[in-house]
Amino acid sequence: MAERVLVVGGGGREHALAWKLAQSPQVQQVLVVPGNAGTANCGKISNSEVSVSNHAILAQFCKDHHVGLVVVGPEAPLAAGMVDDLTAAGVACFGPSAKAAQLEASKSFSKAFMERHGIPTARYGSFTDPQEACSYIRSANFPALVVKASGLAAGKGVIVAGDQEEACQAVMDIMKDRAFGSAGETVVVEELLEGEEVSCLCFSDGTSVAPMPPAQDHKRLHDGDQGPNTGGMGAYCPTPQVSQELLQQIRETILQKTVDGMREEGTPYKGVLYAGLMLTKQGPKVLEFNCRFGDPECQVLLPLLQSDLYEVIMNTMSGKLASNTPVWRQDSSAVTVVMASAGYPGSYKKGVEITGLSQVEDLGLQVFHAGTALKDGGVVSSGGRVLTVTAVRSTLEAALQAANQGVATVGFPGAVYRRDIAHRAIAHLNQGRSLSYKASGVDIAAGNQLVEMIKPLAKSTSRPGCNAELGGFAGLFDLKAAGFVDPILVSGTDGVGTKLKIAQACGQHCSLGQDLVAMCVNDVLAQGAEPLFFLDYFSCGSLNVEVAASVVGGIAKACEMAGCALLGGETAEMPGVYPPGEYDLAGFCVGATERGTLLPRLDDVAEGDLLIGVASSGLHSNGFSLVRKVLERAALSYSSPAPFGKAGQTVGEVLLTPTKIYSRLLLPILRSGAIKAYAHITGGGLLENIPRVLPKQLAVELDASKWSIPAVFSWLHKEGRLSEEEMARTFNCGLGAVLVVAPPDAQRVLRQLQGHEEAWIVGSLVHKQPGASPVVVRNLKQSLLNASAGGQLEAEGSGCLGNSITPCKRMRVGVLISGTGTNLQALIERARRPSSSAEIVVVISNRPGVQGLKRASLAGIQTRVVDHKLYGSRAEFDGTIDRVLEEFGVELVCLAGFMRILTGTFVKKWTGKLLNIHPSLLPSFKGVNAQKQALQAGVRLAGCTVHFVAEEVDAGAIIVQEAVPVVVGDTEESLSERIREAEHRAFPAAMELVASGAVQLGEDGQVVWKPQS
């Protein structure tokens, strides 16, 4: 049965959506709310007057009128949760959820998300203080000239400044003069990127992406990209500047990576994803995300869509996109030209009569209405951007010519429009430029710049035998000058495996240098050799000098630690081999030892010899392909708080702990002759590396209870359900090196090691029986379980207690904020502790783009914006907050600078589960300006109070108070600052008391303390 579809919006984009949907045989009628003159009674298309601000009313309308699908055009309803609310009411709605729409609704969230997932974007800072933003602009070591309002600003909230002063003025205009209203309460200041700007959109079903042809819009008002910024004055598609190879890279490294990241964070992205990109020398970088079709990009994309749009949408919503890829017209180009009112984007006159529209359509062109209305049977202007004229032709030049002809046919007095849409693409097509090495993707100048940057780093690694001067065709090493008499040279080479992927995703590159050096040096040590010099190989698709310098800088520091010289290396830039942002590493180490000191001494190794284990720092650089799979199963991102490692560390920080370098520790002991053999525990784990240095007739018996196993291994064992054998064959399990020593030497060697490093006697050598395993690890499973128990830190106060292997259940906490979220940060840090009884699962703000949302995003916590300005009543607003809290299974709510008065209905529902902090010692100085009241009253003690929320303001039962002395000369500002510091201690303490069950609210409204056992 044919469906009735409702399109939300009233611009040219929504007219194009309705026009394309109406072409589907499966669509009976398209209703547009509020629509425009172009969507009023046009075949299957008509307008409706139903309210879209009240989602409950809209849902009921859809049910009453048998609307089978709602398609949301603009961004504001998406950010307000229209898709969530309609879906919950049983009405199918196309578009991302409010959580997913934060990619557009909050630029600070979007930038933090890209940081977490390694999606290429401009360097930036996010600010709620205009002075801090200006300081950042003036001190940044890059052109910080792009100023953005963090919230939604109808596509106009971006100012590209010409210099620092202009950028600072833009900050003041946005934040102080409120040029974009509440959208500018937070600003994002970005690096000014250079290159070609393009729009790459895709459909996403939450798992797969289906890219659309790349498009380019034109923001400036006048030809030649002159004049003020607008919502868009025209667009064309496809862009010849984006090759199929580049589009595939964009798909993999940006679009798919974004959808994967949203899914990993528990927010599947379903709908249209729009990536505004800059094609820089380092590859495509994201300027911004939009969560819907662009306007005017939609007006050139949909005319090129050969597939049925209704079917595409249904396949997207049902997760069938991968098997039903949309089909696009080939060998065709589309151009759309926007006609705007005189005075736009400033003030303009409405009601101007528009004629000639039917003649335009006779030319084979399509007119999409935007700011138009019907008056006395005719069409008049009612907005800034009034309509667009779209032409589809076999070439871009022909499409532009036809669109311009159509615009000239329209009778619209005073209309403003451009005549040069697609001028950059046409110049690109007409430019018979000669080829160069740089044009083909290899930047020799960037390579030379890198060499100059790393020369002093290499020089710092000079040692006897080598001065570590870079720049020659080969490096020299003088063995005699290094003190060798009858040397044997020993070489080793290695990489760091897929630990690279984690470093690239986290944007943390310098520690890889130590990993690379350690993997090679520790191998050379296993032959008894002193590492002498090191060479590195860095390969990439496009050289990012900053990243490469960070990596090589880490290599140089590690060479100093190892006592070897960084003698040289190779930087290989290979366009097309690696996706943008990715690179690979290899290292080569050469060492030497005197002929008589080579290891292993197989003839000396005997049954009964003891094994000394030297502690690893963790995973080192092996097993990361398996680690990444376990993380995927556990739904953890690299920015998530680590369930292993030190309190406050993220997963990425723990996993990127550098590999230990053992040369300075072991060389003196190796030279003493006490070590018969040394096994570097690398790929292959305990089971495969120790036998490499033993005679065939001997086997190894290890006792895992004898050494300390880092918590990361116990977590992997448990979360990945890995067998003992898999653990021992893949990972070092806490031992980075194993030494074979005779029993009489064991204690002396152990003492030497323990003076600098953790070490243990971990086993012995036995005769190998026929068919027996060469390595047996006893007590591994129990030791892994013990490591898990040992990793549970004792709780402070009344949190999780004891040594139970199974962690206690944490209470799910939601935090409501309105601003910077400094108290939120204190709560986050407390909840990160392994001993905490609380887990913050969602942060909700009533204002988009505030700093607190970024704090939450950087901590890996889900965020949601419920903008109070979009709701008609407090009850409706509170009801939405309540639904979000229930969606996340919240058990306790903390108000951390939440500047809205909650209704009695809400407070009653959450009685005993709702905490607030007030900057006074209640019951004194309730309400606003508490610090000012305290100073005026002349009290000597002020402070803060955490209390359960009651219907009367600041009257609930008190949980925690902390006093702050009032000192002579205190101002409201100085007192407030000290009270804030107290709040950061008191609020987390109160949260713990309630989450652990130590404090409850009794039926009589008084606090009940649970007796300590």
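Residues numbered from 1 in each chain as written. Predicted model: local features only at pLDDT ≥ 70, side-chain atom pairs only at ≥ 80, totals over all residues. Heavy atoms only, no water.

## What about the overall build of the chain?
- Each helix and strand counted, the chain has 32 helices and 42 strands in total.
- At 33 Å, the chain has a C-alpha radius of gyration in line with the 31 Å of a compact globule built from 1013 residues.
- Summarising its shape, the C-alpha atoms of the chain cover approximately 105 × 85 × 65 Å along the three principal directions.
- Long-range pairs, those at least 24 residues apart, make up 74% of the contacts in the chain with a sequence separation of at least 6.
- Of the accessible surface of the chain, which amounts to about 40,800 Å², a share of 51% is contributed by carbon and sulfur atoms.
- Both charge centroids of the chain, one from 88 positive and one from 100 negative side chains, sit 2 Å from each other. (Helix = DSSP H or I, 4+ residues; strand = E, 2+ residues; numbered from the N terminus. Rg over C-alpha atoms; globule rule 2.2 N^0.38 Å. Contact = heavy atoms within 4.5 Å. Areas by Shrake-Rupley, 256 points an atom, 1.4 Å probe, with all protein chains shown as cover. Lys, Arg positive; Asp, Glu negative; His and termini not counted. Charge placed at Lys NZ, Arg CZ, Asp CG, Glu CD.)

## Digging into the pairing of strand β22 (residues 378–381)
- Relative to β22, strand β19 (residues 353–354) runs antiparallel, the two being bridged by two bridges. Bridge pairing links Glu353 to Val380 in β22.
- The sheet contact formed by strand β21 (residues 372–375) and β22 spans four bridges and is antiparallel. Among the inter-strand pairings, Ala373 is bridged to a residue of β22, identified as Val380. (Pairing = 2+ DSSP bridges.)

## Observations concerning helix α17 (residues 511–525)
- Compared with the 21 Å implied by 1.5 Å per residue over 15 residues, the 21 Å span of α17 between its first and last C-alpha is a close match.
- Buried residues dominate α17, accounting for 14 of its 15 residues. (Expected span 1.5 Å × (residues − 1). Buried < 20%, exposed > 50% of the residue type's maximum accessible area, 1.4 Å probe, protein only.)

## Quick look at the pattern of salt bridges
- Applying the stated criterion across every chain, the model contains 43 salt bridges.
- Residue Lys111 is joined to Glu190 by a salt bridge in which the shortest nitrogen-to-oxygen separation is 3.0 Å. Residue Lys111 is located in helix α6 (residues 107–117), and its partner Glu190 is located in strand β9 (residues 187–190); the two are separated by 79 residues in the primary sequence.
- Residue classification places Lys111 among the buried residues on the basis of a relative accessible area of 2%.
- Ionic pairing is found between Asp970 and Arg978, a salt bridge with its closest N-O pair at 2.6 Å.
- Assessed through its relative accessible area of 24%, Arg978 is described here as partly exposed.
- Each of Glu196, Asp223, Asp225, Arg418, Asp420 and Arg424 takes part in one network of salt bridges that share partners. (Salt bridge = Lys/Arg side-chain N within 4 Å of Asp/Glu carboxyl O.)

## Some details on empty space enclosed by the protein
- Taken as a whole and judged by the stated rule, the model has four cavities of 30 Å³ or more.
- Empty space within the largest cavity amounts to approximately 70 Å³.
- Leu17, Val71, Val72, Gly73, Leu78, Phe94, Gly95, Pro96, Val272, Cys291, Arg292 and Phe293 together form the lining of the largest cavity.
- Here the residues of the lining of the largest cavity are counted per class, giving nine nonpolar, two polar and one charged.
- A volume near 60 Å³ is recorded for the second largest cavity.
- For the lining of the second largest cavity, the secondary-structure elements that each account for two or more residues are α6 and β36 (862–865).
- Each residue belonging to the lining of the second largest cavity can be placed in one class, and the counts come to three nonpolar, five polar and three charged. (1 Å grid on protein atoms, 1.4 Å probe; cavity = no way out; pocket = protein on both sides within 12 Å on 5 of 7 lines; lining within 4 Å. Points joined across faces, edges and corners; volume = space filled by probe spheres on them. Nonpolar A, V, L, I, M, F, W, Y, C, P; charged D, E, K, R; others polar.)

## Considerations on the sheet that holds strand β29 (residues 675–680)
- Taken together, six strands build an open sheet; the order of strands is β29-β31-β28-β32-β30-β33 and the sheet is mixed. For this open sheet the edge positions go to β29 and β33 (775–778), each flanked by a neighbour on one side alone. If you compare each strand with its neighbour and ignore which way they point, the axes differ by 25 degrees on average.
- Pairing of strand β28 (residues 610–615) with strand β32 (residues 759–767), which is carried by five bridges, proceeds in the antiparallel orientation. Each residue of the ladder has a partner; that of Val614, found in β32, is Ala759. (Axes fitted to C-alpha atoms, helices over the stretch in contact; angles between N-to-C directions.)

## A word on helix α13 (residues 396–409)
- With 14 residues, α13 extends 20 Å from end C-alpha to end C-alpha; this agrees with the ideal 20 Å at 1.5 Å per step.
- Looking at the packing, one finds that the buried side of α13 touches β15 (234–237), β18 (333–340), α12 (357–362), β23 (385–393) and α14 (423–430).

## Things to note about the packing of aromatic side chains
- Across all of its chains, the model carries 10 aromatic pairs by this definition.
- The interplanar angle of 35 degrees and the centroid separation of 5.6 Å between the aromatic rings of Phe477 and Phe533 together place this pair among those described as tilted. A residue pair is termed long-range when its members are at least 10 positions apart, and Phe477 in the loop between α15 (444–459) and β24 (487–494) and Phe533 in strand β25 (residues 530–540) qualify at 56 residues. For the pair formed by Phe477 and Phe533, the shared burial category is buried.
- By the ring-pair criterion, three or more aromatic residues cluster together here, those being Phe127, Tyr136 and Phe142.
- For the cation-ring pair, Lys913 lies above Trp910, with the distance from its terminal atom to the ring centre recorded as 5.4 Å. (Phe/Tyr/Trp six-rings, centres within 6.5 Å; stacked < 30°, edge-to-face > 60°. Lys NZ or Arg CZ within 6 Å of the ring centre and 35° of its normal.)

## Observations concerning the nonpolar core
- Phe534, Leu655, Tyr678, Leu702, Trp707 and Leu753 are the most contacted members of the largest nonpolar core, which totals 110 residues.
- The biggest single contributor to this core is helix α18 (residues 545–562), with 11 residues.
- Counting residues in each nonpolar core, the second largest holds 45 residues, with Leu58, Phe61, Val72 and Phe289 among its members. (Core = buried A, V, L, I, M, F, W, Y, C linked by side-chain atoms within 4.5 Å.)

## Here's the deal with unusual backbone geometry
- Residues Val33 and Pro34 are joined by a peptide bond in cis, for which omega reads 0 degrees.
- The residue after Tyr344, namely Pro345, is reached through a cis peptide bond having omega 10 degrees.
- Structurally, Pro345 is set in the loop between β18 and β19.
- Its identity as a non-glycine residue notwithstanding, Ala422 has a phi of 75 degrees, on the positive side.
- Within the element layout of this structure, Ala422 appears in the loop between α13 and α14.
- Ala422 sits in the buried class, given a relative accessible area of 0%.
- The phi torsion at Asn929 lies on the positive side, around 55 degrees, for a residue other than glycine.
- Take Asn929: it is sitting in the loop between β38 (914–918) and α31 (930–937).

## Quick word on the confidence of the model for the chain
- Across the chain, the average pLDDT comes to 89, with 96% of residues at 70 or higher.
- Per-residue pLDDT, averaged within each element of the chain, yields its smallest value for helix α26 (residues 780–790) (74) and its largest for helix α10 (residues 298–301) (98).
- Counting interchain partners and residues more than four positions distant, the pLDDT-below-50 stretch residues 789–807 has 34 contacts. (pLDDT = per-residue confidence, 0-100.)

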